[in-house]
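Tertiary structure, described
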Amino acid sequence: MLKRRAVALLMIFSMLSFPVAAQNGGGDMLGRIRKEATDRSQIMKTMHMFTDVYGPRLTGSPNHKAAAEWAVKQMTAWGFDNAHLEPWDFKHPGWLNERLTAHLISPVKDPLVCEVLAWTPSTRGTVQAKAYQLVLPERPTQDQLTMFFSNQKTRVRGKIVLVGKPASVPVNLNPPAKRQTDEQAQRRYGPNPEPFVFPTPSPTPTPAPNAPKPLTNSEIAKQLDAFLKASGALVRVNDARREFRQIRAFNNNTFDVTKVIPTVVMSNEDFGRVSRILNDGTEVVLEFNIVNRVYPEGSTSYNAIGEIRGTDKADEVIMLGGHLDSWHAATGATDNAIGCTIMMEAARILKTLGVKPRRTIRVALWSGEEQGLLGSLAYVKQHFGSFEEQKPGYEKFGGYFNIDSGTGRVRGASVFGPSEAADILRQILEPFKADGVVGAITSKSRRLGGSDNTSFNQAGLPGIGMGQDPIEYNSHTWHTNLDTYERILEEDVKKDAMVVAWAVYQLAMRDELLPRFSKTEMPPKPPAESN
């Protein structure tokens with residue numbers, strides 16, 4: 001009798017402890033997720049489409065829109081509900097580099113490794129001209145910069161201008177580890193995490209009393225662009241300032257191609273070579289052919305959205321996503337096609353397994369992240385509002401999972417909210433300890449930055465950033481011309497998809513939403529972001 005009673009009590013306890021499995025017809029849901037993620041993964045197929053077929057995916061470009069349209073089509077094919085594009089106002093035209101050739105012509109002949117700066121104009125066909133190195137004075141005042149430009153005007157006319165001295169990039173004898181140790185992950189995501197300390201910026205020299213104020217870097221950059229254009233320079237060349245021919249090419253800050261001349265970022269090795277030959281007193285001739293195209297219709301950009309519709313709590317939403325836009329120097333594999341792919345895969349796994357979530361599960365693939373989290377900010381504002389100006393969906397929101405740090409395995413999570421929210425996520429992630437997942441921590445910051453989860457944090461909503469092993473992200477692929485399909489670790493990202501699928505499933509099925517800060521506990525918005 002006692003044995004029967006014990007068995008009965010154990011069964012009741014099991015039902016209370018694991019209600020989500022029972023609500024989906026029983027069975028080992030975690031085991032089913034693992035098997036689907038491992039045996040029938042669609043990750044590398046999706047990555048191929050996002051990178052090889054549609055990359056790069058610069059915001060506003062036809063490449064990005066085509067990738068977003070394909071994502072909607074694929075989510076629909078997988079059986080997602082309400083897959084669609086949601087427009088938002090980018091306010092700038094789209095831009096695409098169609099052709100770039102760069103060569104050293106004299107005193108020797110050799111191809112050069114370069115990338116075009118985004119939102120800059122084409123050359124007028126093939127341009128061949130002498131190289132000239134323009135080294136600006138350090139921290140000039142307005143009078144000093146004006147005088148310098150006056151002296152240099154005739155020297156840059158008709159030239160290909162290398163701006164600045166080549167950076168000295170030392171050999172790194174202690175390259176960063178590709179994996180976090182378990183001890184490091186514990187310090188970051190364990191129950192007693194070490195507080196993150198921002199690096200101390202280099203001190204700015206204090207000018208002498210009553211001395212003219214030096215110009216800021218942005219003021220100098222704006223005037224330099226105007227000077228080169230007005231003086232008739234043909235092409236501007238910037239130093240990439242990185243090792244192993246890595247190049248990070250960003251954009252003309254005005255997004256207006258009429259305000260700058262054709263501009264490339266050249267590998268540090270080639271920039272240094274040309275500079276040293278010029279320093280010998282030897283004439284250098286360079287050749288460029290740059291074809292760029294502007295797309296006015298790109299001023300409207302798009303987020304790609306797809307859902308698995310909920311049941312008894314369908315008006316409550318659990319979101320997962322990443323940014324689909326990339327920079328243009330490569331195909332944007334680790335930043336961040338893989339984040340989008342993992343999230344699509346996590347939702348596909350749940351849909352394939354026939355999960356009927358209580359809450360609606362919504363996938364979002366953002367654009368405009370690289371220009372300042374613009375797509376996710378627009379979405380949050382439209383659908384949820386903010387803590388200070390709430391929309392009807394605000395109280396129905398249950399959390400947004402974000403991946404945006406490469407191809408490494410997930411090691412932990414950070415959630416905006418009280419400690420109780422991290423406690424719940426820590427319990428949810430517990431089954432993945434053997435896979436290296438340590439736990440979850442809380443964040444109280446409403447400051448924007450890093451990635452799209454902070455768009456939710458800023459609104460006072462539970463953004464959840466998934467932290468990963470770095471692999472080559474910061475050292476090689478982040479924003480560089482090396483960010484391609486080949487850099488993806490398939491086994492790591494399969495595990496990431498199963499972790500996210502399980503976590504999303506749990507939040508979609510539990511009785512209550514994640515705890516949030518109360519009205520009295522809600523951290524204030526940083527002053528610069530209050531408007």
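A brief report on the enclosed structure follows. Bear in mind the structure is a predicted one, so any value in this text is a computation, not a measurement. (Residues numbered from 1 in each chain as written. Predicted model: local features only at pLDDT ≥ 70, side-chain atom pairs only at ≥ 80, totals over all residues. Heavy atoms only, no water.)

Bringing helix H15 (residues 490-509) into the picture now. When the terminal C-alpha atoms of H15 are compared, their 29 Å separation across 20 residues agrees well with the 28 Å that a helix rising 1.5 Å per residue should span. Of all 20 residues in H15, 17 are buried; the element is thus mostly enclosed. (Helix = DSSP H or I, 4+ residues; strand = E, 2+ residues; numbered from the N terminus. Expected span 1.5 Å × (residues − 1). Buried < 20%, exposed > 50% of the residue type's maximum accessible area, 1.4 Å probe, protein only.)

A few words now on the layout of surface pockets. Approximately 1,300 Å³ is the volume attributed to the second largest pocket. Along its surface, the second largest pocket is lined by 37 residues, and Val163, Asn217, Ala221, Leu224 and Arg236 are the ones closest to its centre. Put simply, the parts of the chain that give the lining of the second largest pocket at least two residues each are helix H8 (217-231), strand S7 (235-239) and strand S8 (263-266). By residue number, the principal contributor to the lining of the second largest pocket is H8, which donates 8 residues. The class makeup of the residues in the lining of the second largest pocket is 16 nonpolar, 11 polar and 10 charged. (1 Å grid on protein atoms, 1.4 Å probe; cavity = no way out; pocket = protein on both sides within 12 Å on 5 of 7 lines; lining within 4 Å. Points joined across faces, edges and corners; volume = space filled by probe spheres on them. Nonpolar A, V, L, I, M, F, W, Y, C, P; charged D, E, K, R; others polar.)

Next up on the list: the sheet that holds strand S16 (residues 463-468). Within the open sheet, the 8 strands sit side by side as S1-S10-S12-S11-S13-S16-S14-S15. Their pairing is mixed. Unpaired on one side and paired on the other, strand S1 (81-89) and strand S15 (439-443) mark the two borders of the sheet. Each strand of the sheet is rotated relative to its neighbour by a mean of 25°, with strand direction disregarded. Across 8 bridges, strand S11 (residues 313-323) lies against strand S12 (residues 359-366) in parallel orientation. For Gly322, the partnering residue across the bridge sits in S12 and is Leu365. In this fold helix H11 (residues 374-383) packs onto S1, strand S10 (300-308), S11 and S12, with an angle of close to 110° to the strand it touches most, S1. In this fold helix H12 (residues 419-429) packs onto strand S13 (397-402), strand S14 (410-416), S15 and S16, with an angle of close to 160° to the strand it touches most, S15. (Pairing = 2+ DSSP bridges. Axes fitted to C-alpha atoms, helices over the stretch in contact; angles between N-to-C directions. Contact = heavy atoms within 4.5 Å.)

At a closest axis distance of 10 Å, the pairing of helix H3 (residues 29-39) and helix H10 (residues 333-352) adopts a crossing angle of 120°. One element, H3, and the other, H10, form an angle in the oblique class. When you trace H3 past H10, the crossing you get is right-handed. Where H3 abuts H10, its residues Ile33, Glu36 and Ala37 lie against Arg348, Ile349, Leu350 and Thr352. Partitioned by chemical class, the residues of the contact of H3 with H10 number 4 nonpolar, 1 polar and 2 charged. (Parallel < 35°, antiparallel > 145°, perpendicular 65-115°, else oblique. Left-handed = near helix turned anticlockwise from the far one by under 90°.)

Moving on: the environment of Tyr302. As for its placement among the helices and strands, Tyr302 is situated in strand S10. Each residue touching Tyr302, except ones within four places of it in the same chain, is listed here: His64, Lys65, Leu85, Glu86, Pro87, Trp88, Leu365 and Ser367.

What follows is about the pattern of salt bridges. Counted by the stated rule, this structure contains 28 salt bridges. Among the ionic pairs, Lys396 bridges to Asp315, the shortest N-O distance being 3.1 Å. Pair noted here: Lys396 is in the loop between H11 and S13 and Asp315 is in strand S11, with a separation of 81 residues, a long-range link. Take Asp315: its relative accessible area is 43%, and that puts it in the partly exposed class. The network of salt bridges with common partners includes Arg179, Asp182, Arg409, Arg411, Asp469 and Asp492. (Salt bridge = Lys/Arg side-chain N within 4 Å of Asp/Glu carboxyl O.)

This part takes up unusual backbone geometry. A cis amide bond links Gly55 with the next residue in sequence, Pro56, at an omega value of -10°. Position of Pro56 among the secondary structure elements: in the loop between helix H4 (43-53) and helix H5 (62-77). Asp335 connects to Asn336 through a cis peptide bond whose omega is 0°. By the secondary structure assignment, Asn336 is in helix H10. Positioned with a positive phi, Asn82 is a non-glycine residue whose angle comes to about 55°. Relative to the helices and strands, Asn82 is located in strand S1.

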